[in-house]
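Chain and residue survey
Listed below are the residues making up each chain.
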Amino acid sequence: AKFLGNAYHSTDDNFVNYWNQITPENAGKWGSVASTSDTAQWNWGRLDEAYNLANNNNLIFKNHCLVWGSQQPSWISALDSSEQISYIETWIRMVAERYPETDMIDVVNEPLFTHNPPDGRNGRANYKNALGGDGETGWDWVIKSFELARIYMPNTELLLNDYGIINSDQATTSYLVIINLLKDRGLIDGIGVQGHRFELENAPINTLKGNL
């Protein structure tokens, strides 16, 4: 029911002595894998290392992440929406096929408006509209991302992840809106709450406890 995990780098020979869950960190991000639009040239090497270490040592494998505004392919924003959604679906399908024993995955990372959605602002990737944009719910693009993940990864726990949550009443409220939209559709299995020092060290304890 509980685990203690960490991000992994291939030079860490003692990982399995300290942790029972592994996250590939940067290696799992689309921008790290897909430096070119030619899917045959995508580089899965570092992600393979983390996945194989997990499988060979009975560790929980939590992949990070499928959809995010940061660290995404440099070429994706220049495509039209139909090409973008095709590549997004291909990316999710290839991750699912290559890593079938994935225990958990952050489907969408940092979706809140002022955080890192793929909306093209502040240098971020721009493919949010290809996933449906805000749509009727205000979060159609997040819902579509989870729908695709559920199709291709039916046995993996699907997570939503963001930062700056429990130190902010407004962010917590916004985050719960997305979570409940996904819950209503049976699309979410877990919630990620990042705990950077800037979120915790200056926030009142009652705020953190209340939002958590």
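Notes on the structure in this doc start here. (Residues numbered from 1 in each chain as written. Predicted model: local features only at pLDDT ≥ 70, side-chain atom pairs only at ≥ 80, totals over all residues. Heavy atoms only, no water.)

1. Topic: unusual backbone geometry
Selection rule: Secondary structure elements follow DSSP: runs of H or I no shorter than four residues count as helices, runs of E no shorter than two count as strands, and numbering proceeds from the N terminus.
Each neighbour pair has its own omega, and for His64 with Cys65 the value is -5°, a cis peptide bond. Residue placement: Cys65 occurs in strand β3 (residues 60–67). Look at Asn58: it is not a glycine, yet its phi comes out positive at around 55°. Secondary-structure assignment places Asn58 in the loop between α3 (45–56) and β3. Within the chain, Gln71 stands out as a residue other than glycine whose phi angle is a positive 50°.

2. Remarks on the nonpolar core
Going by this rule: By convention a nonpolar core is built from buried Ala, Val, Leu, Ile, Met, Phe, Trp, Tyr and Cys residues, the set being connected through side-chain atoms within 4.5 Å. Throughout, exposure labels follow a simple rule: accessible area from a 1.4 Å probe, protein chains only, divided by the maximum for the residue type, with under 20% read as buried, over 50% as exposed, and the rest as partly exposed. Throughout, a contact is declared for two residues whenever any of their heavy atoms are within 4.5 Å.
The biggest cluster of nonpolar side chains holds 56 residues, and the ones touching the most others in it are Trp30, Trp42, Leu66, Phe146 and Leu160. Contributing elements (two or more residues each) for this core: α2 (30–33), α3, β3, α4 (81–98), β4 (104–109), α5 (140–152), β5 (157–162) and α6 (169–184). Among the elements that take part in this core, α4 stands out by supplying seven residues, more than any other. In contact with Phe146, not counting residues within four places along its chain, are Val107, Val108, Leu158, Leu159, Leu160, Leu182, Leu187 and Ile188.

3. Topic: the packing of α4 against α5
Two packed helices can be described by the angle between their axes and the distance between those axes. For clarity, the cut-off: To define axes, lines are fitted to C-alpha atoms, for helices over the stretch in contact only, and angles between the resulting N-to-C directions are given on a 0 to 180 degree scale. Should the near helix be turned counterclockwise from the far one by less than a right angle, the crossing is left-handed, whereas a clockwise turn marks it as right-handed.
For the pair α4 and α5, the least separation of the axes is 9 Å and the interaxial angle reads 40°. Here the hand of the crossing between α4 and α5 comes out right-handed. Facing Ile85, Ile88, Glu89, Ile92, Arg93 and Ala96 of α4, the residues of α5 in contact are Ser145, Leu148, Ala149 and Tyr152.

4. Remarks on the pairing of β5
This is how it is decided: Strands qualify as paired when DSSP identifies two bridges or more between them.
In terms of burial, β5 is a largely internal element, five of the six residues being buried. In this structure, β4 lies alongside β5, joined through five bridges in parallel fashion. If you follow Asn109 over to β5, its bridge partner there is Asn161. Across four bridges, the pairing between β5 and strand β6 (residues 190–193) is parallel. Paired with Asn161 across the strands is Gly192, a residue of β6.

5. Some thoughts on the environment of Gln194
Structurally, Gln194 can be placed in the loop between β6 and α7 (197–200). For Gln194 and Asn161, which are 33 residues apart along the polypeptide, the C-alpha to C-alpha distance reads 7.3 Å. When neighbours within four sequence positions are excluded, Gln194 is seen to be in contact with Asn109, Glu110, Asn161, Asp162, Tyr163 and Glu199.

6. Re the sheet that holds strand β1 (residues 5–7)
Strand order in this open sheet of six strands is β1-β2-β3-β4-β5-β6, and the pairing throughout is parallel. Looking at strand neighbours, the two that pair on one side only are β1 and β6, the edges of this open sheet. With direction set aside, neighbouring strand axes in the sheet form an average angle of 25°. Here β1 pairs with strand β2 (residues 21–23) via three bridges, running parallel. Within β2, the position partnered with Gly5 by the bridge is Gln21. Against the sheet, α3 makes contact with β2 and β3, and its axis sits at roughly 150° relative to β3, the strand it touches most. Of the strands in this sheet, β3, β4 and β5 touch α5, which is tilted by about 155° from β4.

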